[in-house]
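So the chains spell out like this:
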There are 2 protein chains.
Amino acid sequence: MTTVEKPRKLGIAAGAGPLPVALAEAAQAAGREVFIVGIEGAANEDIARFPHAWVKLGAMGEFLRLLKSAGCQDIVLIGGLRRPDISKLGLDVTGMKLLPRVARWMKEGDDGLLRGLAEYFEKDHGFHVVGAHEIAASLLMPEALLTKAAPSDQQERDIDTAIRAALAIGALDIGQGAVACRGIVLALEAAEGTDEMLHRVARLPAELTGSPEVPDGVLVKLSKPGQERRVDMPTIGIQTVENAAAAGLAGIAVEAGGTLVVDGEAVARAANAKGLFVLGLSRARIEMQVP
Amino acid sequence: MTTVEKPRKLGIAAGAGPLPVALAEAAQAAGREVFIVGIEGAANEDIARFPHAWVKLGAMGEFLRLLKSAGCQDIVLIGGLRRPDISKLGLDVTGMKLLPRVARWMKEGDDGLLRGLAEYFEKDHGFHVVGAHEIAASLLMPEALLTKAAPSDQQERDIDTAIRAALAIGALDIGQGAVACRGIVLALEAAEGTDEMLHRVARLPAELTGSPEVPDGVLVKLSKPGQERRVDMPTIGIQTVENAAAAGLAGIAVEAGGTLVVDGEAVARAANAKGLFVLGLSRARIEMQVP
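Residues numbered from 1 in each chain as written. Chains lettered and ligands numbered in written order. Predicted model: local features only at pLDDT ≥ 70, side-chain atom pairs only at ≥ 80, totals over all residues. Heavy atoms only, no water.

> Would you mind showing me how to read the overall build of chain A here?
Check the secondary structure of chain A and you find 10 helices and 12 strands. Relative to the 2.2 N^0.38 estimate, which gives 19 Å for 291 residues, the radius of gyration of chain A is 20 Å and therefore close to what a compact globule would have. Along the first, second and third principal axes, the C-alpha atoms of chain A reach 55 × 50 × 35 Å. Burial analysis of chain A (291 residues in total) assigns 55% to the buried set. Put simply, 73% of the contacts in chain A that link residues at least 6 apart link residues at least 24 apart. As displayed, chain A has an accessible area near 13000 Å², and 53% of this comes from carbon and sulfur atoms. Side-chain charges in chain A split into 31 positive and 37 negative, and the spacing between the mean points of these groups amounts to 4 Å. (Helix = DSSP H or I, 4+ residues; strand = E, 2+ residues; numbered from the N terminus. Rg over C-alpha atoms; globule rule 2.2 N^0.38 Å. Buried < 20%, exposed > 50% of the residue type's maximum accessible area, 1.4 Å probe, protein only. Contact = heavy atoms within 4.5 Å. Areas by Shrake-Rupley, 256 points an atom, 1.4 Å probe, with all protein chains shown as cover. Lys, Arg positive; Asp, Glu negative; His and termini not counted. Charge placed at Lys NZ, Arg CZ, Asp CG, Glu CD.)

> I'm lost on the packing of aromatic side chains in this one. Help?
The description of an aromatic ring pair uses the distance of the two centres, along with the angle that the planes make with each other. On inspection of all chains with the given rule, the structure shows five aromatic pairs over all chains. Seen from their ring centres, tyrosine 120 of chain B and phenylalanine 121 of chain B are 5.7 Å apart, and the 55 degrees between their planes marks the pair as tilted. Residue tyrosine 120 of chain B shares its accessibility class with phenylalanine 121 of chain B, and that shared class is buried. Here a set of aromatic residues connected by ring pairs shows up, and it is made of Phe63, Trp105, Tyr120 and Phe121 of chain A. (Phe/Tyr/Trp six-rings, centres within 6.5 Å; stacked < 30°, edge-to-face > 60°.)

> Explain the relation of the copies chain B and chain A to me, please; I cannot follow it from the model alone.
Each of the two chain copies can be brought onto the other by rotation about an axis and movement along it. Note on the identical chains: chain B maps onto chain A by a rotation of 180 degrees and an axial translation of 0.0 Å, with an RMSD of 0.0 Å. What the rotation and shift describe, once combined, is the action of a two-fold rotation axis. Of the residues that chain B buries at the interface, 100% are likewise interface residues in chain A, meaning the two copies contact each other through the same surface. (Least-squares fit on C-alpha atoms with pLDDT ≥ 70 in both.)

> Would you explain the environment of leucine 66 of chain A in this entry?
Examined against the element boundaries, leucine 66 of chain A turns out to sit in helix α2 (residues 60–69). Non-local contacts of leucine 66 of chain A, meaning those with residues more than four positions away in its chain, are made with Phe35, Val37, Ala53 and Val55 of chain A.

> So what exactly am I meant to see when it comes to the sheet that holds strand β10 (residues 251–255) of chain A here?
Whenever strands of a sheet pair, they do so through backbone hydrogen bonds, lying parallel or antiparallel. All names here are of chain A. Taking strand neighbours across the sheet as the criterion, the five strands line up as β7-β6-β8-β10-β12 in an open arrangement whose pairing is mixed. If you trace the sheet from one side to the other, it starts and ends with β7 (184–188) and β12 (277–281), each paired once. Across the sheet, the mean angle separating the axes of adjacent strands is 20 degrees when strand polarity is ignored. Relative to strand β8 (residues 218–221), strand β6 (residues 177–181) runs antiparallel, the two being bridged by four bridges. For alanine 178, the partnering residue across the bridge sits in β8 and is valine 220. (Pairing = 2+ DSSP bridges. Axes fitted to C-alpha atoms, helices over the stretch in contact; angles between N-to-C directions.)

> Is there a simple way to explain the environment of isoleucine 39 of chain B in this structure?
Inspection of the secondary structure assignment puts isoleucine 39 of chain B in strand β2 (residues 34–39). Each residue touching isoleucine 39 of chain B, except ones within four places of it in the same chain, is listed here: Ala14, Trp54, Val55, Leu57 and Leu81 of chain B.

> Sorry, what's going on with the interface of chain B and chain A here?
By convention, interface size is frequently given as the accessible area that disappears when the constituent parts associate. Taken residue by residue, the interface counts 27 residues in chain B and 27 residues in chain A. Between chain B and chain A, roughly 2200 Å² of surface is buried when both sides are summed, and carbon and sulfur atoms account for 69% of that area. When the buried area of chain B at its contact with chain A is split by residue, Leu188, Ala191 and Glu207 of chain B rank highest and sum to 20% of it. Joining chain B to chain A, the criterion identifies four salt bridges. Here arginine 203 of chain B and glutamate 196 of chain A are joined by a salt bridge, their closest N and O atoms 2.2 Å apart. Among the elements of the structure, α6 (153–171), β7 (184–188) and α7 (194–202) of chain B are those that each provide at least two residues to the side of chain B that touches chain A. Element by element, the count of residues in the side of chain B that touches chain A is highest for β7 of chain B, at five residues. In terms of residue class, the side of chain B that touches chain A is made up of 16 nonpolar, one polar and 10 charged. (Buried area = accessible area lost by both parts, 1.4 Å probe. Salt bridge = Lys/Arg side-chain N within 4 Å of Asp/Glu carboxyl O. Nonpolar A, V, L, I, M, F, W, Y, C, P; charged D, E, K, R; others polar.)

> In this structure, what is going on with the domain arrangement of chain A? I would like to understand it.
All names here are of chain A. As far as domains go, chain A holds domain 1 (10–136) and domain 2 (140–288). A C-alpha centroid distance of 28 Å is found between domain 1 and domain 2. Contact between domain 1 and domain 2 buries roughly 1200 Å² in total, counting both sides, with carbon and sulfur atoms accounting for 62%. Among the residues domain 1 hides against domain 2, the three largest losses belong to Leu19, Asp111 and His133. Together they make up 42% of the total. If you look at where domain 1 meets domain 2, you find zero salt bridges. Between domain 1 and domain 2 we count zero residue pairs in polar contact (both at pLDDT 80 or more) in total. Listed by contribution, the elements that provide at least two residues to the side of domain 1 that touches domain 2 are α4 (109–124) and α5 (132–135). Here the element with the most residues in the side of domain 1 that touches domain 2 is α4; it accounts for five residues. Of the residues that constitute the side of domain 1 that touches domain 2, the class distribution is nine nonpolar, two polar and four charged. (Domains from an automatic or database assignment. Polar contact = N/O pair within 3.5 Å; in protein donor to acceptor, adjacent residues only side chain to side chain.)

> Quick question: what am I supposed to make of the environment of alanine 244 of chain A here?
All names here are of chain A. Within the fold, alanine 244 resides in helix α8 (residues 238–246). Among the residues examined, alanine 244 registers a relative accessible area of 0% and is labelled buried. Distance in space between the C-alpha atoms of alanine 244 and leucine 198 is 6.1 Å, their sequence separation being 46 residues. When sequence neighbours within four positions are dropped, the list of residues in contact with alanine 244 reads Leu198, Leu249, Ile252 and Leu276.

> For this particular structure, what's the right way to read helix α8 (residues 238–246) of chain B?
One turn of the α-helix equals 3.6 residues, which is why residues spaced by three or four share an orientation. If you check which residues of α8 of chain B are buried, you get Thr240, Val241, Asn243, Ala244 and Ala245 of chain B. Next to the buried residues of α8 of chain B lie α7, β8 (218–221), β9 (235–236), β10 (251–255) and α9 (264–274) of chain B.

Written as structure tokens, this is what we have:
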């Protein structure tokens, strides 16, 4: 007689946005128990549908105790964090002791903070930090066209142009997104994030861009070569589709297997409603653009 | 007995901003007659201090006639152009005939339009298009520190970081500007322009940037390798200094001999008032960062 081992309970440290709940659903569907620790002021109230607790961002001691007493060894860090002012951090003793290291990690930006935290949970507390994509392959972009619309020949060339731009800035560890339209790179993402980049494309002179009536141009997002995929994978969702549509773009192309998609069906539905394409790029296609 | 030949009269096609007048002054100071053709709705009214005429942007026939009857063989295209709606272009027959080519040039962005126009004036009409820097070396950034403030060691490293970023995007013909602060590239310029890039740095999380109280980080602008220097050289002015200060930057570094400075004394004064440095980079220093 063999015993089928039950998968280990998954701890989910939940920041903002719909990804934490999507992950919890996918993990449960795969027969895995979950326990969500929601960051107050960030996590969505929907986490209450699962076994959960709330902590303030600075209550690191309580956060660790909650996960340990829930019996979680594997944890996922997922969802965005807005930086509260320090008076609202709710620092406990453990959080306070960690502050100098947090300050050091933050010098390398959001990536640095997440990398530092992952290392802290593993080395100092024996957790195993896993990536959302290791738990729920359903959250990963497939190598496929998700939409009715498909890129035109010019838009295929714009995808390659934007891939080259994204690779160039990724090689310098700067950012992951680029927008190209009719052969011209219109915008590059550094610290401001994809949504802000798309907002500014919407403000560019009309001759350079598409429009909601005659969409043209593409958004490409690729992970940076040094990116800690467990904690900071490129992500697209309905918001990305809506901002891309408002910027007059014809579509979005991201790395298949290397991008989280919050609710792929909803993304495809939103893109179809706006006439946009959403395409998962093979690694081979991306690597053809490496200089 | 030798005859000293008088320099040829200079035609100045004037767009927006203070550069056309600064150029006219510098040319006159060098003993050269000038004739300014101001683009209506763009050029500054100060051009009235010089022999001048006004034309609408689309009145290409009139523009050519004015320059020819003023006896100008050398022309400089200088100053920004906003794109008016087509009903206000004031198209004449020559302008109308040129429209299909203008549309083609504009597909390559502002650079493409300026390159196309320069070629049109030379090949189709026998003018000699010269760069402002060829007329008035005083408008060029010197290889020097213009200000009381100087970069700290970290800011010197940030200059090199931003140079690498600017070179990478320049090599792909994308843009000319980059902002780096404490080792992180915060923003890259594509089609939106330097001022918009600086505005968004001002909106980034405070941990990543300097502040007007404790300035940190640098703006670097370099010309793109393929850039048509005669008509589209990187430019800085008081506005650049003010936007950099508002973004919390510690200073600005640009290519010496490869950047136009609108009124260097006023730029230095504005930078000193805000505590910023303004530095002219040697070509050798820039080339040390080429990968």
